[in-house]
2 protein chains.
Amino acid sequence: MPLHLPLGFRFAGLHCGIKKNPQKEDLTLVHCPGGAVAAGVYTQNLVYAAPVAVDRARTPSSDIRVVVVNSGNANACTGERGLRDAEEMARLAAEACDAPAEKALVMSTGIIGHFLPLEKIAAGVRRCSQGLDTGDAAFMAAARGILTSDKGTKTTTRAVTSGGRTINIAGMCKGAGMIGPNMATMLGMLLTDAKLSPDDAQRVLKEVADASFNCISVEGHTSTNDTLLLLASGAAGGEQLSGADLQTFAQALKEMAIELAKQIPDDGEGATHVIAITVQGTKSRGEARQIAQTIADSALVKTAIAGGDPNWGRIVSAAGYAGVKFDPTKVDLAINGHPIYRQGAPLTFDARTVSQSIKASRETAVELTLGEGQEGITFWTSDLTVDYVKFNADYST
Amino acid sequence: MPLHLPLGFRFAGLHCGIKKNPQKEDLTLVHCPGGAVAAGVYTQNLVYAAPVAVDRARTPSSDIRVVVVNSGNANACTGERGLRDAEEMARLAAEACDAPAEKALVMSTGIIGHFLPLEKIAAGVRRCSQGLDTGDAAFMAAARGILTSDKGTKTTTRAVTSGGRTINIAGMCKGAGMIGPNMATMLGMLLTDAKLSPDDAQRVLKEVADASFNCISVEGHTSTNDTLLLLASGAAGGEQLSGADLQTFAQALKEMAIELAKQIPDDGEGATHVIAITVQGTKSRGEARQIAQTIADSALVKTAIAGGDPNWGRIVSAAGYAGVKFDPTKVDLAINGHPIYRQGAPLTFDARTVSQSIKASRETAVELTLGEGQEGITFWTSDLTVDYVKFNADYST
């Protein structure tokens, strides 16, 4: 079945020599010859990488022609030279696509603190621009070029009918470690041929990120490079989206972003479970997120799920130090639908049945209900396994 | 060499049947026949255990006669019944020592969410009270009775000359997992024969905890049961300590508390390194602690040190999401004395030399210097190893 790729974009991905394995793509170009409206959301880390600085200054935009991405080197913590390198990398991509230098965006991911191998990138960008294509194979090569420790590509495409027109949306992302809260927590691109204003694009993207990429973690370490871009070529034709049409589009985009975002903890380094933590009954969505994230980031919770152990005390006690006020005697907890704890006291339950349900499924559902209000959130994270530790003790500087 | 045990205390520890292994003590009594001034600091977790509720209400006090501790069962998340059980456990200890019921303190540690086996505890307390003794062997048995996953006892004793008198101080603590920031993060008792007022005892204990047990973590999970008690029998004789004498005492107590506290991450579950994270150049000590703790709690930092990898990017980026504002271009970093990063940019350094220095020593020194102010702190944590994950995936409910 062919992908629903948006009109107005060309793709390429290839190996330019950053990654050691010559079979692995490490450079991606996404070209929009007619120009695209572009929006971005970025890491909240104070220590942000050079490409984040470049893109943050260039979005929202009414006319971006090309996005260039390298994997294997994050160009983070590289000082003034890193900033010049990121600008140069964007300029090289623009030049290869006959576009003005400032109409390019740039993303990098990989090891922190090494300078970009600019000669390799320059040669790679030239080659890459010669292979740009609108087809599925080119899109998939581009999706491979942004990966680092991911086990495979993370993509989604969809055709949406909105206001009598067919709009295509495609998304790709990467991420399997250094995935924390606060923003995109990865690299991601959402591409569409819908026609959007820059302001609408920025507003919709922020809402979408809030419900998707801001609700996931692997180990809670907020990366220096997190970037999520939305590019809208307008090539589907018709008027700029507004009203109900814009809503339809935004809803589809949100669903696709959640689908992409969940793939990240599911592919978390060494992960054997993705844990869906639903916190409800809070005064605000922010409070629910804070509690869910604290549970998600507890190594004790993550190891318990890895071991198939319904150790609910670790979950309830993590909620207790999240920094949100609540009455502990009004707390309920269920794991995989089994009630475990009610109104602040343990229930009698069959630990073996719950343990079996954890072991039998890739996804574990943790539902914590407070008695404070009507808000809630779902947050996804990975469990913590021996393989995560092995991988990260060996990933070398 | 004999221990410097304070006068006015008797100790006992034995196995009463909570732990499976009959060789392991799981019940401790500390008796102060003449009464002791007592102070306490407790977990900041909203979900706090029943014994914490009891002790919090009873300290500071001018007359505590006995402390009873069990290990193997935390009596946490046990609702109203748990609270009644904690009060009953304290009452049993008071009764066995011919003291009024409310003059007892109680601590519990172990699995969350199970009710205390009160019959075993009642029989154990009676037997324990018959074995109370002032000697070193009794003190060490008491120190063993509070342990859970610890590899060994954590104790320190010292004789201090203050105002012409000899004052003895003894401390014991336990903790190897579920060790997070915000308060004692373990069970601990500091015992002295100095004469203190309840208010001085409480103030000094708070300062001491702030510099010691509040500067450690294993995985950052704040326990439900953290309790640090200070008991002062006054049996050394003389006046109540004040002025310079009180200062001398407080300084010794602080040094001993740091010595005890550092033993916890050093004994962290599966730990192969204790990481001493010094953050300096901040506007306040609180900001320094917040950054140090964020670095300490990053699984990526902990796994890097476990692997002997000077992956400074993980350290600097963790500082960046600690929630403290600073200028990233004014940051310096050294690992084990080797300068790695200066003014926001990487230095050339021999990664093999730094890696060897990490591998060769049990303690790794991480020094992060900001350019924002004159305050600083040292925070101790464990590295994260395969054995931590194995242990915590298997520790069963």
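Along each chain, numbering runs from 1 in the same order as the chain's sequence is written. To read the labels, note that chains go from A and ligands from 1, taken in the order they are written. Local features in this predicted model are restricted to residues whose pLDDT is 70 or higher, and side-chain atom pairs enter the listing and the counts only when it is 80 or higher, whereas totals over whole chains, interfaces and linings include all residues.

**Regarding the domain arrangement of chain A**
Residue and element names in this part refer to chain A.
Reasoning step 1: Partitioning chain A into domains gives domain 1 (10-266) and domain 2 (274-394).
Reasoning step 2: Either an automatic procedure or a domain database provided the assignment from which the domain bounds are taken. Each of domain 1 and domain 2 has a C-alpha centre, and these two points are 32 Å apart.
Reasoning step 3: Numbering of helices and strands runs from the N terminus; a helix is a DSSP stretch of H or I covering at least four residues, while a strand is a stretch of E covering at least two. Mapped by element, the contributors of at least two residues to the side of domain 1 that touches domain 2 are β8 (216-217) and α6 (243-266).
Reasoning step 4: With three residues, α6 is the single largest residue contributor to the side of domain 1 that touches domain 2.

**Looking at the interface of chain B and chain A**
Reasoning step 1: Once C-beta atoms have been placed from the backbone, residue pairs whose C-beta atoms lie within 7 Å are recorded as contacts. Tallying the contact residues gives 52 residues for chain B and 52 residues for chain A.
Reasoning step 2: The set of elements that each furnish at least two residues to the side of chain B that touches chain A consists of α8 (299-306), α9 (312-320), β13 (345-346) and α11 (386-394) of chain B.
Reasoning step 3: The biggest single contributor to the side of chain B that touches chain A is α9 of chain B, with seven residues.
Reasoning step 4: Ten residues, namely Ala, Val, Leu, Ile, Met, Phe, Trp, Tyr, Cys and Pro, are considered nonpolar, four, namely Asp, Glu, Lys and Arg, are considered charged, and the remaining ones, Gly among them, are considered polar. When its residues are assigned to classes, the side of chain B that touches chain A shows 25 nonpolar, 23 polar and four charged.

**A few points about the relation of the copies chain B and chain A**
Two chain copies here: they are related by a rotation about an axis and a translation along the same axis.
Reasoning step 1: For the least-squares superposition of copies, only C-alpha atoms count, and only for residues with pLDDT at least 70 in both. Structural alignment of chain B on chain A gives an RMSD of 0.0 Å, achieved by rotating through 180° and translating 0.0 Å along the axis. In short, the pair behaves as if placed about a two-fold rotation axis. Nearest to the rotation axis, the C-alpha of Val386 of chain B is located 2.5 Å from it, this being the minimum over chain B.
Reasoning step 2: Looking at chain B, 100% of its interface residues are interface residues in chain A too, so the copies touch through the same face.

**Digging into helix α8 (residues 299-306) of chain A**
Residues three or four positions apart in an α-helix share a direction because the helix packs 3.6 residues into each turn.
Residue and element names in this part refer to chain A.
Reasoning step 1: Remark: C-beta atoms are placed from the backbone, and a residue is labelled buried if 20 or more other C-beta atoms sit within 10 Å of its own, exposed if 12 or fewer do, or partly exposed between those counts. Burial analysis of α8 places eight of its eight residues in the buried class, the great majority of the element.
Reasoning step 2: Along α8, the residues classified as buried are Ala299, Leu300, Val301, Lys302, Thr303, Ala304, Ile305 and Ala306.
Reasoning step 3: Just downstream of α8, Gly308 is the residue with a positive phi angle, here 70°.

**Remarks on the sheet that holds strand β14 (residues 363-369) of chain B**
All names here are of chain B.
Reasoning step 1: Strand pairing is assigned whenever DSSP identifies at least 2 bridges connecting the two strands. Ordered in space as β8-β15-β10-β14-β11-β12-β13, the seven strands form an open sheet in which the pairing is mixed. Lying at the two open borders of the sheet, with one neighbouring strand each, are β8 (216-217) and β13.
Reasoning step 2: By the bridge criterion, two bridges tie β8 to strand β15 (residues 375-382) in an arrangement that is parallel. Bridge pairing links Ser217 to Thr381 in β15.
Reasoning step 3: In this analysis an axis means a line fitted to C-alpha atoms, helices contributing only their contacting stretch, and an angle means the value between N-to-C directions, from 0 to 180 degrees. Against the sheet, helix α7 (residues 285-296) makes contact with β8, β10 (274-282), β14 and β15, and its axis sits at roughly 25° relative to β15, the strand it touches most.

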